[in-house]
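What the coordinates show
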Amino acid sequence: SGFNLVNASIAGGVTNTGLIQGLTTAGVAMYSTVVDSFRNTGGTIVGNNTGLLLSNSTITGGLSNTGLIRGSVAGVLLGAGTNVTLSNLAGGSIVGVSGAGVSVTGATSSTINNLGYISSVNNAGVLNSLNNSGTLGGLVQAAGTLSGVTNSGLMNGATAVGVTGGLLSSLTNTGSIVGSSVGI
């Protein structure tokens, strides 16, 4: 990893305006870590596998992105025990080249707010809510629980919203949901 935190605590938070790159795994990896805030402010975080990986970690003031977070598999991976509000702001991009932009793999207490671009969200864990007013390249609810989806932006993909298992409590759409194959 380019930036690796294990059993750590950072009281002042982290701000990236440059480049953080992991040549073999993740650009940023946090395991059992507490950080006050994490801001990728116009910077770039790139990982050979995952751009930013969180496992059993908390970012109390949230994770915000106005730059690029990219992984060859997942842009951001939210693993079990993660507590974060992920805000991808206007101008921000979160991209998984062969997988999801944001992948939720375990029970989390997390929320995703997208005002920028996320290539897709794949939820196989527990996610509080997904709020999209930007562009989201599709949502796949494969298993687990997603309490609510609110869309006032654009959700598009082969299947824009696909629920193949688990529980999606609610979907509120005032934007556009467009699938090249199936919308929902």
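To keep things clear, this report deals only with the structure shown in the data block. As the structure is a computational prediction, the values presented were derived from the model and not from experiment.

On to the overall build of the protein. In terms of regular secondary structure, the protein is built from zero helices and 28 strands. For the protein, whose C-alpha radius of gyration is 15 Å, the value lies close to the compact-globule estimate of 16 Å for 184 residues. For the protein, the spread of C-alpha atoms along the three principal axes comes to 40 × 25 × 25 Å. Out of the 184 residues in the protein, the part that is buried amounts to 47%. Residue pairs in contact within the protein that sit at least 24 positions apart in sequence constitute 46% of those at least 6 positions apart. For the protein, the exposed surface amounts to about 7,100 Å²; the carbon and sulfur share of it is 52%.

On to unusual backbone geometry. In this structure, Asn7 takes a positive phi of about 50° despite not being glycine. Considering the arrangement of structural elements, one finds Asn7 in the loop between β1 (3-6) and β2 (9-10). Residue Asn7 is classed as exposed on the basis of its relative accessible area of 63%. Phi at Asn56 is positive, roughly 50°, even though this residue is not glycine. Along the chain, the position of Asn56 falls in the loop between β9 (50-55) and β10 (58-59).

Within the secondary structure layout, Asn40 lies in strand β7 (residues 38-40). Setting aside its immediate chain neighbours within four residues, Asn40 contacts Asn16, Ile45, Ser64, Asn65, Thr66, Gly67, Leu68 and Ile69.

Strands sit in the order β4-β8-β12-β15-β18-β21-β24-β28 across an open sheet of eight strands; the sheet is parallel. Edge positions in the sheet fall to β4 (19-22) and β28 (176-182), since each of these pairs with one other strand and no more. Looking at chain direction, β4 and strand β8 (residues 44-47) are connected through four bridges and run parallel. Bridge pairing in β8 links Ile20 to Ile45.

Attention now moves to the nonpolar core. In terms of nonpolar packing, the biggest core is built from 33 residues, with Phe38, Leu52 and Val102 touching the most fellow members. Contributions of two or more residues to this core are made by β5 (26-31), β9, β13 (74-78), β14 (83-88), β16 (102-104), β20 (126-132) and β23 (145-151). Excluding anything up to four places from it in sequence, Phe38 contacts Val14, Val28, Met30, Ile45, Leu52, Ile59, Gly62, Leu63 and Ser64.

Looking now at the sheet that holds strand β25 (residues 161-163). The eight strands are arranged β1-β5-β9-β13-β16-β19-β22-β25 in an open sheet whose pairing can be described as parallel. Either end of the sheet is taken by a strand with one partner, and the two such strands are β1 and β25. When the angles between neighbouring strand axes are averaged without regard to direction, this sheet yields 10°.

Before going further, it helps to spend a moment on the pairing of strand β24 (residues 154-159). Where strand β21 (residues 135-136) meets β24, two bridges bridge the pair, whose relative direction is parallel. By the bridge assignment for β24, Leu136 is matched with Met155. One ladder, built from five bridges, connects β24 with β28; its direction is parallel. Residue Thr159 lies in a different strand from β28, and its bridge partner there is Val182.

The next thing to look at is the environment of Leu19. Along the polypeptide, Leu19 turns up in strand β4. For the pair Leu19 and Gly79, spaced 60 residues apart in the sequence, the C-alpha separation amounts to 23 Å.

Rules and cut-offs
- Residues numbered from 1 in each chain as written.
- Predicted model: local features only at pLDDT ≥ 70, side-chain atom pairs only at ≥ 80, totals over all residues.
- Heavy atoms only, no water.
- Helix = DSSP H or I, 4+ residues; strand = E, 2+ residues; numbered from the N terminus.
- Rg over C-alpha atoms; globule rule 2.2 N^0.38 Å.
- Buried < 20%, exposed > 50% of the residue type's maximum accessible area, 1.4 Å probe, protein only.
- Contact = heavy atoms within 4.5 Å.
- Areas by Shrake-Rupley, 256 points an atom, 1.4 Å probe, with all protein chains shown as cover.
- Pairing = 2+ DSSP bridges.
- Core = buried A, V, L, I, M, F, W, Y, C linked by side-chain atoms within 4.5 Å.
- Axes fitted to C-alpha atoms, helices over the stretch in contact; angles between N-to-C directions.

The quantities given are spatial measurements derived from coordinates; they are silent on function.
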